[in-house]
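Below are the chains, spelled out letter by letter.
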Amino acid sequence: MDKLIMELGFSPLFKRIGKETIEKTLDKTSYFIRTYDKGNFIISTGDEAKYLGIILKGLLEINKSIAFEKNLVIEEKKQGDIFGEAAVFNTKSSIYPCNLVAKSKMKVIFFNKEDIFNILSFDKQILNNFITMFANKTYNLNIKTELLSYNSIQEKIAFSIINILVMKDNKVVLPYSKKTWAEHLCVSRPSLSRELKKMSDKNLISIEGKVIKITDYYGLENIYQK
């Protein structure tokens, strides 16, 4: 139990929640735990939406099948993150709209809808955390929608650097590979590399490994605001 409580402590659902409160919450709630190997489908598009999951260990990819047998990467989730909440609480559809695939060996705890209601009613801070998570999810989906509305690859790159990736001191450290970044932008890996080089040649950015330094912030911003 102590290990499970520690693992759940990484979840934003239990942010600022003490160990004793988490333990009492679990004692009053039904749940089950599953493990997955890399590449396993945790949920497939069209599966009945019964459970909300919290990642105890590993990395998860959420993708959606689009034209020409391609997958659009919607989001990646890590230890502590929650998935399936929008589908479980959706009153218009009772199925999961995306594929959820293990990107590494994973361990997940699952709760059904009724159990989640019990958890949210147990502590006001947990309820506040859940509402905040939903608000952040809505914001992120709006940002993703805007990203995909741009036509050119450079527009997508510039918007992603400024609005999605975490910037510090005019630098962005990619949290994943350029291949994964290309999937997020819904472009090919070679096309991404080609456009990054063009932007570097224009002195808009400089690139060293996974580190992207913004050398002309306003020039970069103007690419998608023109």
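Residues numbered from 1 in each chain as written. Predicted model: local features only at pLDDT ≥ 70, side-chain atom pairs only at ≥ 80, totals over all residues. Heavy atoms only, no water.

A.B. asks: Go over the packing of aromatic side chains with me, naming the residues and quoting the values.
C.D. replies: In total, this model carries 12 aromatic pairs according to the counting rule given. For the pair Phe-159 and Tyr-224, a centre-to-centre distance of 5.3 Å together with 85 degrees between the ring planes defines the contact as edge-to-face. With a gap of 65 residues between them, Phe-159 in helix 6 (residues 153-163) and Tyr-224 in helix 9 (residues 217-225) connect regions that are remote in the sequence. Residue class for Phe-159 comes out buried when judged on its relative accessible area of 2%. A residue is classified by how much of its surface remains accessible, and Tyr-224, at 9% relative accessible area, is buried. Each residue in the set Phe-32, Tyr-51, Phe-83 and Phe-110 is aromatic and connected to the rest through ring pairs, giving one cluster. (Phe/Tyr/Trp six-rings, centres within 6.5 Å; stacked < 30°, edge-to-face > 60°. Helix = DSSP H or I, 4+ residues; strand = E, 2+ residues; numbered from the N terminus. Buried < 20%, exposed > 50% of the residue type's maximum accessible area, 1.4 Å probe, protein only.)

A.B. asks: Can you lay out the pairing of strand 3 (residues 51-57) for me, pointing to particular residues and giving the numbers?
C.D. replies: Within strand 3, 5 of the 7 residues are buried, leaving the element largely enclosed by the surrounding structure. When strand 3 meets strand 8 (residues 106-112), the two strands line up antiparallel, connected through 6 bridges. Considered in strand 8, the bridge of Tyr-51 is made with Asn-112. Bridge analysis of strand 3 against strand 6 (residues 82-83) gives 2 bridges, and the strand direction is antiparallel. By the bridge assignment for strand 6, Gly-53 is matched with Phe-83. (Pairing = 2+ DSSP bridges.)

A.B. asks: Give a description of the sheet that holds strand 10 (residues 171-173) that names residues and reports values.
C.D. replies: What the 4 strands build is an open sheet, ordered 9-10-12-11; its pairing is antiparallel. Two strands bound the open sheet, and with one partner strand each, they are strand 9 (167-168) and strand 11 (205-208). Where strand 10 meets strand 12 (residues 211-214), 3 bridges bridge the pair, whose relative direction is antiparallel. Residue Val-172 lies in a different strand from strand 12, and its bridge partner there is Ile-212.

A.B. asks: Account for helix 7 (residues 178-185), with residues named and values stated.
C.D. replies: Of all 8 residues that make up helix 7, 6 are buried, and the element is covered over most of its length. Every buried residue of helix 7 is accounted for by Lys-178, Thr-180, Trp-181, Ala-182, His-184 and Leu-185. Two residues or fewer past helix 7, Cys-186 is found with a positive phi of approximately 60 degrees.

A.B. asks: Which residues make up the environment of Ser-65, and what values do they have?
C.D. replies: For Ser-65, the position within the fold is in strand 4 (residues 60-66). Note: C-alpha distance between Ser-65 and Gln-154 (89 residues apart in sequence) is 24 Å.

A.B. asks: Please set out the sheet that holds strand 3 residue by residue, giving values where relevant.
C.D. replies: Pairing between sheet strands relies on hydrogen bonds along the backbone, with the strands arranged either parallel or antiparallel. If you walk across this open sheet you meet the 4 strands as 1-8-3-6, and the pairing is antiparallel. Of all the strands in the sheet, the pair left with one neighbour each is strand 1 (32-36) and strand 6. Against the sheet, helix 4 (residues 113-122) touches strand 3 and strand 8, its axis set at about 85 degrees to strand 8. (Contact = heavy atoms within 4.5 Å. Axes fitted to C-alpha atoms, helices over the stretch in contact; angles between N-to-C directions.)

From the geometry alone we can't say anything about function, so treat these as descriptive.
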